[in-house]
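# Report on the structure
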Amino acid sequence: MENLNDKQVRAQILAEALPYIKEYKNQIVVIKYGGNAMINEGLKLSVMRDIVLLNLIGIKVVLVHGGGPEISEMLRRVGKQSVFVDGLRYTDEETAEIVRMVLAGKINKSLVNLIEGNGGKAVGLCGIDGHMMKCTVADERLGYVGKITDLDAKLITDVLDGGYIPVVSTVGYDDEGHIYNVNADTASAVIAGALGARSLILMTDTEGVLRDKDDPTSLIPKIYVSDIASYIKQGIISGGMIPKIECCKEGIRRGVGKVFIIDGRVEHSILVEILSDSGIGTMFVNGD
């Protein structure tokens, strides 16, 4: 049986969350879902339940997802080798079709089903639907990896206005009918900007930006976008973190209020970041 102290702790958590619930009510939050939280079944269930909870308290959640490991697995099954250029997947026309099948089909619909099974209402979308995500080639060396040239967010807003959670897979198109594999971090920043989102949350496999990469206690809780270049110059932001940070910067540039990098390996990390005083990752904001 739950004792009085446990009940008081639960009440304190709810009381602490109240001002944040009021702040975010009827606001749009875009969550880029990926990393270990997408692979670990326990974490996946926890994330979907948290998203349903946010929706039920009046926060308009848009879930944007990738699916690199599942794409690699499907390519392996069909006997096609994954090829990477500077750490980015080379995508020929056949690979682009497999990307569409895995992202817009298998992964997208499984997430919709999981949300629905936990009391939410969701609609699966991809960048081809409603000609949402028009692209051009981002880098000739990468084949059909897309750079978004135009984003029409009307279909997403229609789904939100209907009380549903849009689940968006980052597959794009061009006027010639080509299919594009679009980086989910980049796409989430563009989508958040187009929607005028209050916040963008990038779920990763790291605690956030660390002043010392070997010291998890050296988390930098808040970074002004004007300081990003200095952090890169100092080597605090380096390697694979640089593209993610550039996405954070792009989100702010497009008018998103706050951008967060959080550790998706921590259960309920979304709720802790949005609905508590403490937060859990690194927040990016405009200004000096």
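The rules behind the values
- Residues numbered from 1 in each chain as written.
- Predicted model: local features only at pLDDT ≥ 70, side-chain atom pairs only at ≥ 80, totals over all residues.
- Heavy atoms only, no water.
- Helix = DSSP H or I, 4+ residues; strand = E, 2+ residues; numbered from the N terminus.
- Rg over C-alpha atoms; globule rule 2.2 N^0.38 Å.
- Contact = heavy atoms within 4.5 Å.
- Areas by Shrake-Rupley, 256 points an atom, 1.4 Å probe, with all protein chains shown as cover.
- Lys, Arg positive; Asp, Glu negative; His and termini not counted.
- Charge placed at Lys NZ, Arg CZ, Asp CG, Glu CD.
- Buried < 20%, exposed > 50% of the residue type's maximum accessible area, 1.4 Å probe, protein only.
- Pairing = 2+ DSSP bridges.
- Expected span 1.5 Å × (residues − 1).
- Phe/Tyr/Trp six-rings, centres within 6.5 Å; stacked < 30°, edge-to-face > 60°.
- Lys NZ or Arg CZ within 6 Å of the ring centre and 35° of its normal.
- Arc of directions from axis to C-beta.
- Core = buried A, V, L, I, M, F, W, Y, C linked by side-chain atoms within 4.5 Å.

### Section: the overall build of the protein chain
Along the protein chain, the regular secondary structure elements total ten helices and 14 strands. Relative to a compact globule of 288 residues, whose C-alpha radius of gyration would be 19 Å, the protein chain shows 19 Å and is just as compact. Sequence-distant contacts in the protein chain: of pairs separated by 6 or more residues, those separated by 24 or more amount to 71%. Accessible surface computed for the protein chain: about 13700 Å², of which carbon and sulfur atoms make up 52%. The centroid of the 31 positive side-chain charges in the protein chain is displaced by 3 Å from the centroid of its 38 negative side-chain charges.

### So, the pairing of strand β1 (residues 28-33)
Counting buried positions over the six residues of β1 gives six, a clear majority of the element. Of the two faces of β1, the one holding I28, V30 and K32 and the one holding V29, I31 and Y33 are both buried throughout. Two elements, β1 and strand β2 (residues 60-65), share six bridges in a ladder whose sense is parallel. In the strand pairing of β2, K32 is matched with V64. Strand direction decides the pairing type here: β1 and strand β11 (residues 199-204), joined by four bridges, are parallel. Considered in β11, the bridge of I31 is made with I201.

### Structural notes on helix α5 (residues 93-117)
An ideal rise of 1.5 Å per residue puts 36 Å on 25 residues; α5 measures up with 35 Å between its terminal C-alpha atoms. Within α5, the full set of buried residues consists of T95, A96, I98, V99, V102, L103, A104, I107, N108, L111, V112 and I115. After α5 finishes, the residue G119 shows a positive phi value of roughly 90°.

### Some remarks on the packing of aromatic side chains
In this structure the tally under the stated criterion is one aromatic pair. When the ring of Y144 is compared with that of Y180, the centres are 5.5 Å apart and the planes differ by 75°; the resulting orientation is edge-to-face. Residue Y144 is found in the loop between β6 (133-137) and β7 (146-151), and its partner Y180 is found in strand β10 (residues 179-181); the two are separated by 36 residues along the sequence. For the pair Y144 and Y180, a shared accessibility class is recorded, and that class is buried. The aromatic ring of Y164 is capped on one face by K121, whose charged end is 4.5 Å from the ring centroid. The cationic tip of R198 hangs over the ring face of Y24; the distance from NZ or CZ to the ring centre is 5.8 Å.

### A word on helix α6 (residues 154-161)
The α-helix winds at 3.6 residues per turn, so residues separated by three or four positions along the chain end up facing the same way. Turning to α6, its buried residues are I156, V159 and L160. Projection of α6 onto a plane perpendicular to its axis shows the buried side chains occupying an angular sector of 100°, all on one side. In this structure, α6 carries K154 and D161 as exposed residues pointing more than 90 degrees from its buried face. Taken from the residues just after α6, G163 is the one with a positive phi, measuring 85°.

### Let's talk about the pairing of strand β5 (residues 122-126)
Counting buried residues in β5 gives four out of five residues, a clear majority hidden from the surface. Where β5 and strand β8 (residues 165-169) come together, five bridges link them in parallel fashion. When the sheet's bridge partners are listed, L125 is paired in β8 with V168.

### Structural notes on the nonpolar core
Nonpolar side chains in soluble globular proteins tend to end up buried together. Residues V30 and I31 are the most contacted members of the largest nonpolar core, which totals 88 residues. Excluding residues that lie within four positions of it along the chain, I31 makes contacts with I51, L54, V61, V62, L63, V64, I201, M203 and I270.

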